[in-house]
Amino acid sequence: MEVHPMRWIALSSSPFSGPSPVPVPGVVRRRLTAAFVPLALAIVSPLVADDGIRFLDRAAQLGAEFEHVEPPRGAILEALKQQPFQFPNDFGRVPHKPHGAPGVAIFDFDRDGDLDVYVTNSVGGRNALFSNQLRETGELGFVDVAEEAGVDAFDHDSTGVCYGDVDNDGDHDLMVLGAIMPNRLYENRGDGTFADITAQAGVGGGYLSSSSCTMGDVDGDGLLDIVVANTHTDWTNLLGIVVPFAFNEHNQLYHNLGGNVFGEVTADSGIEALDALPPTAAALTWAVALVDYDLDGDVDLFSLDDQGGVPHPSQGGVPYGLIHLHRNDGSGQLTDVSGEAGLALPGNWMGVAFGDLDCDGNMDFFATNAGDYPPGDGPPGLPLGVLASRWFLGRGDGTFVDPGVGDLVGTVFGWGTAIFDYDNDGDADVAYVGAIDVGTVIDASNPGVVLENRGCSASFAYDPVALGQSGADHTRRIDQGLAIGDLDGDGRVDVVTVSNANLPPSVPLVPRIASRIGSPFDDTAFFVPGMVPIDPSNPFLLIGSGVTVDNGSLSIELATRAGGDGDSDSGDSDSGDSDSGDSDSGDSDSGDSDSGDSDSGDSDSRSASVTLMGTIGLTSGGRVNRDGIGAVVTVTTRSGLSQMVPIVAGGSYASQNSLTAYLGLGDDKRGTVEVLWPGGVRNRLRDVRAGERILFPEIPCDVGAPSGPDEVEGETYYCG
């Protein structure tokens, strides 16, 4: 195997314990605007450029075989199918999420420099923690260590997951949600194991039905707070879907008090006040994200709610499922500004992702929805676009515009989603997956969608090959969670998804004929009848169709050049970002770094990555949580292309991406990186080059400060 030469770029020497960089020729000092004398390391290696991108599912070959089992409520649906079913009268008797509601998280739990995968399961099936063996063996592969790590949660109906360093000790702690049972918080001990600290922390939440969670420093004290999204009281039926407000549960906000203890501040924080809903009413929320949408230095709260089976207001129903945006005043007081932001739009909102889609320096987002294809076949019940999974563009004044889906005409159903530069051409693209079984019908309209941004215009073209021909067969997967990260360290972002059930190959997929809309998705927007009429003369009296589903599965889809086999040899990869150190010493990069320098013949020379490290507790001027969650990373290339990557703990649906910012640089291969930290300080790093893996520490001195020394609590920093 040929080993590419490596050169370390030392931006400064580290004051923290751990081994020094290997001395090799080419140590260079570079200008870090607003720099101070601690740290930041980057590894650089030659990478090979490419053009077209295709994802290939390698879960089985890599040892990440996973079976998502059906929860007990699935038996309710099977019993209903064995007897006459009167639609719509009996619809409320169908269990919600009969096959489960799994999520997935990508993070470096053991701080060895490569990214691991955590995936949730229903009660009776074990959650999996797939430890990446890239650092240990030199080859990408996974071993399930959930049981020995103490996070298999065999007795738990696990749903969503999020993570962050809640105690600022240098490793990631894990929040795992439950359906009709308490949530769990696992503290990372720093030795490859976790401790269940739910009771001590006070974040169990009771016997609610939680879907997603997000972490962020709501009040600016340097500690990560937690928001939990809740749905309706009992998933053994669909009453919360068809009857507005009566069965819903408020979302919850837990304030981090330090010492792994939290206090619930839901009512006092303002998140129970929901724009356009009746006083005291709760919504049905599938996704939440704490993100600094207005770039003012504090995190705000997005919650994506579901209209369910309640008629749309244009059809005589009430506003039920809206996109709620709670703006933070900086102290942790949150006010719903959805109406004035232009987001009080009814829909079946389910997942969310953030970025700058049109390169104007404002934050945009993508939200998944029920899609423009109705259940079964037939003409759409609402105008095209109302239920489209689509993007919203920030105007820079706190408001958003809905531009429609353009040449796509319509879009398909979705759950999990991500915004990232899948082809490293310098602009942000969109990926999303999703399907649903509502008992009477199984939607199979989403083949695995990648929307390619055309010249950073926020005008998208559907790429049918990227995920649609990955081998995962997303059309037959009832996909739920989606997360992204560079698992093999080749400079391209990989995609991990989990399904709660899969349609066997023997089950025929039914094409939609009456509901064709002239979209590129028309030919792949299938469905499968779960029930069929007993008597053709009475289309509303139904019986089970005989269709059964297999248990769900995990896909690990590696990005590769079109035509490549995806078997990237990352053998001599070095994490390089920092020493892993002891969990309490603060001498690591908090563990979500890439695997670094990859000796891969199938790697990309047009990307760089940035992992943030807040320095609260490490330097006297540090103010930011160890993971840098809530920060916003932007890169501007020499030709003016711009990308924005907010560091979000949560989002998507029930899932969380790697906390590393992956930056496509296009053919420029160089750019300037700026970090807006929680609290409002901005740092800048010039001349970032393709191939670099950068650990970027919080520097408590703003890029706009006057040049020269500045003293912060007795320490001297050089600004300007």
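Residues numbered from 1 in each chain as written. Predicted model: local features only at pLDDT ≥ 70, side-chain atom pairs only at ≥ 80, totals over all residues. Heavy atoms only, no water.

Asks: Just to check I follow, could you spell out the overall build of the chain for this structure?
Replies: Within the chain one finds seven helices and 47 strands. Classification of the 720 residues of the chain by burial places 64% in the buried group. For the chain, restricting intrachain contacts to residue pairs at least 6 apart in sequence, the fraction spanning at least 24 positions comes to 65%. Split by element, the accessible area of the chain, about 22500 Å² in all, is 53% carbon and sulfur. (Helix = DSSP H or I, 4+ residues; strand = E, 2+ residues; numbered from the N terminus. Buried < 20%, exposed > 50% of the residue type's maximum accessible area, 1.4 Å probe, protein only. Contact = heavy atoms within 4.5 Å. Areas by Shrake-Rupley, 256 points an atom, 1.4 Å probe, with all protein chains shown as cover.)

Asks: Explanation requested: the sheet that holds strand 35 (residues 526-529) in the structure shown.
Replies: Backbone-to-backbone hydrogen bonds join strands into a sheet, with any given pair of strands oriented parallel or antiparallel. Read across the sheet, three strands follow the order 29-30-35 without closing on themselves; strand pairing throughout is antiparallel. Bordering the open sheet on either side are strand 29 (436-437) and strand 35, each of which pairs with just one other strand. Pairing between strand 29 and strand 30 (residues 441-444): two bridges, direction antiparallel. Opposite Asp437, over in strand 30, you have Ile442 as the bridge partner. (Pairing = 2+ DSSP bridges.)

Asks: Any chance you could explain the state of the cysteines here in plain terms?
Replies: Here is the idea: a disulfide is a covalent bond, and it sits between the sulfur atoms of two cysteines. Within the structure shown, the criterion is met by two disulfides. The disulfide partner of Cys162 is Cys213, and the gap between their sulfur atoms is 2.2 Å. Handedness of the Cys162-Cys213 disulfide follows from its S-S torsion of about -125°: it is left-handed. Residue Cys162 is found in strand 11 (residues 158-164), and its partner Cys213 is found in strand 15 (residues 210-216); the two are separated by 51 residues along the sequence. According to the relative accessible area criterion, Cys213 is buried, its value standing at 2%. With a sulfur-sulfur separation of 1.6 Å, Cys359 is cross-linked through a disulfide to Cys456. (Disulfide = S-S within 2.5 Å.)

Asks: Can you walk me through the pattern of salt bridges in this structure?
Replies: A side chain with one charge can pair with a side chain of the opposite charge if their charged atoms come near. Following the criterion strictly, the structure yields 17 salt bridges and no others. Among the salt bridges present, the one from Arg670 reaches Asp687, with a minimum N-O distance of 2.7 Å. Of this pair, Arg670 sits in strand 43 (residues 670-676) while Asp687 sits in strand 44 (residues 682-689), and the two are 17 residues apart along the sequence. The class of Arg670 is partly exposed, set by a relative accessible area of 30%. A salt bridge links Arg684 to Glu674; the shortest N-O distance between them is 2.6 Å. Within this pair, whereas Arg684 is found in strand 44, its partner Glu674 is found in strand 43, the two being separated by 10 residues in sequence. (Salt bridge = Lys/Arg side-chain N within 4 Å of Asp/Glu carboxyl O.)

Asks: Can you help me understand the sheet that holds strand 26 (residues 400-401) in this one?
Replies: Strand order in this open sheet of four strands is 23-24-25-26, and the pairing throughout is antiparallel. For this open sheet the edge positions go to strand 23 (351-355) and strand 26, each flanked by a neighbour on one side alone. When strand 25 (residues 390-394) meets strand 26, the two strands line up antiparallel, connected through two bridges. Across the sheet, the residue bridging to Gly394 is Phe400, located in strand 26.

Asks: Hey, could you run me through the pairing of strand 4 (residues 53-57) in this one?
Replies: Successive side chains on a regular strand alternate, one facing one side of the sheet and the next facing the other. In terms of burial, strand 4 is a largely internal element, four of the five residues being buried. As paired elements, strand 4 and strand 38 (residues 550-561) share five bridges and run antiparallel to each other. Bridge pairing in strand 38 links Phe55 to Ala559.

Asks: Explanation requested: the nonpolar core in the structure shown.
Replies: The tendency in soluble globular proteins is for nonpolar side chains to be buried as a group. Formed by 57 residues in total, the largest nonpolar core has its most connected members in Leu129, Leu174, Met175 and Phe696. Counting residues per element, this core draws most heavily on strand 12 (residues 173-178), which supplies four residues. If you count residues domain by domain, this core takes at least three from each of domain 1 (81-561) and domain 2 (607-717). Those residues in contact with Met175 that sit more than four places away from it in its chain are Gly160, Val161, Cys162, Asn183, Arg184, Leu185, Val203, Cys213, Met215, Ile226 and Val228. The next biggest cluster of nonpolar side chains, apart from the first, holds 36 residues, and it includes Ile53, Ala64, Val104 and Phe420. (Core = buried A, V, L, I, M, F, W, Y, C linked by side-chain atoms within 4.5 Å. Domains from an automatic or database assignment.)

Asks: What is the right way to read the packing of aromatic side chains from this model?
Replies: Two numbers describe a pair of aromatic rings. These are the distance of the centres and the angle of the planes. Applying the stated rule across the entire model yields 24 aromatic pairs. One residue, Lys97, lies across the ring of Trp286, its end atom 5.1 Å from the ring centre. Taking NZ or CZ as reference, Lys97 lies 3.4 Å from the ring centre of Trp415, over its face. (Phe/Tyr/Trp six-rings, centres within 6.5 Å; stacked < 30°, edge-to-face > 60°. Lys NZ or Arg CZ within 6 Å of the ring centre and 35° of its normal.)

Asks: For this particular structure, what's the right way to read unusual backbone geometry?
Replies: Backbone geometry follows two general trends: most residues other than glycine have a negative phi, and most peptide bonds adopt the trans configuration. A cis geometry characterises the amide bond from Phe87 onward to Pro88, with omega recorded as 5°. By the element assignment, Pro88 lies in the loop between strand 6 (85-86) and strand 7 (104-107). Unusually for a residue other than glycine, Ala276 sits at a positive phi of about 75°. Mapped onto the fold, Ala276 is located in the loop between helix 6 (266-269) and strand 19 (285-291). With relative accessibility at 45%, the residue Ala276 sits in the partly exposed group.

Asks: Before we go on, may I ask you to explain a nonpolar patch on the surface in this structure?
Replies: Together, Leu239, Val242 and Val243 line one region of the surface with nonpolar side chains, adding up to about 170 Å² of accessible area. Along the chain, Leu239 turns up in helix 5 (residues 239-242). Its relative accessible area of 32% is what places Leu239 among the partly exposed residues. (Patch = residues over 30% accessible without salt bridge, like charges linked within 9 Å, V, L, I, M, F, W, Y side chains within 5 Å.)

Asks: Looking at this model, I keep getting lost on the confidence of the model for the chain. Mind explaining?
Replies: Looking at the chain as a whole, the pLDDT averages 88, with 85% of positions reaching at least 70. Confidence drops under a pLDDT of 50 for residues 1-50, and excluding neighbours within four residues, the segment shows 151 contacts in the predicted structure. (pLDDT = per-residue confidence, 0-100.)

Asks: For this particular structure, what's the right way to read the environment of Ala229?
Replies: Relative to the elements of secondary structure, Ala229 occurs in strand 16 (residues 225-230). Ignoring sequence-local partners within four residues, the contact set of Ala229 consists of Ser209, Ser210, Ser211, Ser212, Asn251, Thr285 and Val288.

Asks: Looking at this structure, how should I read the environment of Gly270?
Replies: Tracing the sequence through the fold places Gly270 in the loop between helix 6 and strand 19. Remark: the alpha-carbon pair of Gly270 and Leu334, spanning 64 residues in sequence, is separated by 5.1 Å. With sequence-adjacent residues up to four places away left out, Gly270 is seen in contact with His326 and Leu334.

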